[in-house]
Each structure stands twice: as C-alpha cells, then as structure tokens.
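Examining the three-dimensional arrangement
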Amino acid sequence: MSITNNLNKIKSELPKEVTLVAVSKTKPNEAILEAYDGGQRIFGENKVQELTQKHEDLPKDIEWHIIGHLQSNKVKYIAPFVKLIHAVDSFKLLLEINKQGQKNGRIIDCLLQVKIAQEESKFGLDFDEAEFLFTEARNLASLNIVGFMGMATFTDNKDQLKNEFKSLNNFFEQFRTQHPQITTLSMGMSGDYHTAIEQGSTMIRVGSAIFGERNYI
Ligand SMILES: *Cc1c(COP(=O)(O)O)cnc(C)c1O
C-alpha cells in the first residue's frame, strides 16, 4: 500500500467531525509531500528540532502539531508557528507557552494531557490536576485550552481500551457543556483509533498506519 492509498482509506472511514493528524515523526520530507499531495494538511511531530526543520522545508500551509512531551525550554522554537500543542502536563509549561505566545503576538491552542492508561506512564495529569490547570490557564491571555489528549494502554484488550477512552470522554463532555472553547478530544493512534472514535474522539493521531512502520536507530 502507498501512503496515498493508506491515507485515502483512513479518511474514507472517518466520521466528518473527526480530524486526522498525520504523524510524520522520523519520516522524510518526501513521505510528507506524498500525503500533502493527497490533500493532507495537518501533520504531527514529537521532537522540536525535527518539527522546526520540517516547518522550514515544507509548504507553508501545513498545520503543524506537536504531539509528544514538550520541554519548557524548547517552546520558544515552535511558538511562532505551531498550530496545536497536544501534551501540556505542567503549570510551568503553561506559563512558558503563554510567555512565548505573548512574545509572538499569538494565542496558542493547547490540549491538557490526561493520564488514562493503567500501565505506568511518565507523562500526563490526573483528572483533578487537569481541572486545576484548566482553571489557572483562564488567567493566561496568550494561550487557549481547547481540549484534552490521552493515550491508552498499549494492549489488544478492547474492553480496557474502551474503558480508558470512555473515562476521558466523560471528563471532556463535562467540560464541553460548560466551556465553549473546549472542542477537541485527541485520542486514538494507529492501533486503537477505531475504539477511540467509538468513545468520542474528535482528533486522531495516526502515524504508522499511514507512513508504515518507523525505523528507530
Ligand atoms: C508516535 C505517536 C503517535 C502515532 O503512533 P502510531 O502508532 O504510529 O499511529 C500518536 N501519538 C503520539 C503522542 C505519538 O508519539
């Protein structure tokens, strides 16, 4: 299967309210351009250096998302152009995004990463912490919390996936009814996006199902 075929197949199955982020990390510019020529405009990366390089090299109408853990000291490199930051998980990071947003005359859209996986994971907030950060962020003028992001346990167990995604969707729905700026629930990757969509995802982050397996060095 080619990148274009993979992309078209996924898009054809996607409900129209679900946004596809094509996760292009480790993939060369040619692969991204093939997806671009197939109509894809939203791409996600998880490393700041790779993201800034690709932003420089590739068409300027691409919307770049940073999807992975982000260190505060690297926000300045992406603040001029990043469209959405998926994995905000600390107050320190929020303050830095706000500062860099202000410097660049932008309001930067962000998602709070909530820990839903049962397996040990280093990153992500619990529900109480996410609520606290959301409240604090309302005082920060140069960023906008537009929703939440979660990663399920790496498992084939459908019931477990379903429960993990459902817990985040419940949280999301509760916020969405009270706060109109909350529009986005980023959950679902190549292995679990069907289940994530069934459980209310509005944004999936899909890499290997589009571009093929990644080779890490
Ligand atoms: C790599 C990555 C993805 C995409 O993973 P695939 O399994 O290749 O679809 C999604 N979200 C995050 C945060 C990632 O780092």
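Each chain carries its own residue numbering, running from 1 in the direction its sequence is written. Only residues with pLDDT of at least 70 are given local features in this predicted model, and only at 80 or more are side-chain atom pairs given and counted; all residues enter the totals for whole chains, interfaces and linings. Side-chain measures here rest on the full set of heavy atoms in the structure, leaving out hydrogens and waters.

What follows covers the pairing of strand β6 (residues 143-151). For β6, the buried fraction is high: seven of the nine residues fall into the buried class. Two elements, strand β5 (residues 108-115) and β6, share eight bridges in a ladder whose sense is parallel. Residue lysine 115 lies in a different strand from β6, and its bridge partner there is methionine 151. In terms of handedness, the path from β5 via helix α6 (residues 127-137) over to β6 forms a crossover that is right-handed. In this fold, the crossover linking β6 to strand β7 (residues 184-186) by way of helix α7 (residues 158-178) has right-handed handedness. Accessible area is worked out with a 1.4 Å probe on protein chains only. A residue is then buried under 20% of its type maximum, exposed over 50%, and partly exposed in between. Starting at the N terminus, helices and strands are each numbered in turn, a helix being any DSSP run of H or I of at least four residues and a strand any DSSP run of E of at least two. Any two strands between which DSSP finds at least two bridges are classified as paired. The handedness rule is simple: strands pointing away from the viewer, and a clockwise path from the first strand over the helix to the second, make the crossover right-handed.

Our next topic: the side chain of glutamine 100. Along the chain, glutamine 100 falls in helix α5 (residues 91-103). For this analysis, residues touch if any pair of their heavy atoms sits within 4.5 Å. Ignoring sequence-local partners within four residues, the contact set of glutamine 100 consists of Val75, Lys76 and Ala79.

To estimate how far a helix should extend, the number of its residues minus one is multiplied by 1.5 Å. With 13 residues, α5 extends 18 Å from end C-alpha to end C-alpha; this agrees with the ideal 18 Å at 1.5 Å per step. Along α5, the positions that sit buried rather than exposed are Leu93, Leu94, Glu96, Ile97, Asn98, Gln100 and Gly101. Where the residues of α5 are buried, they touch α4 (75-78), β4 (84-88), β5, α6 and β6. Phi turns positive, to about 65°, at glycine 105, one or two residues after α5.

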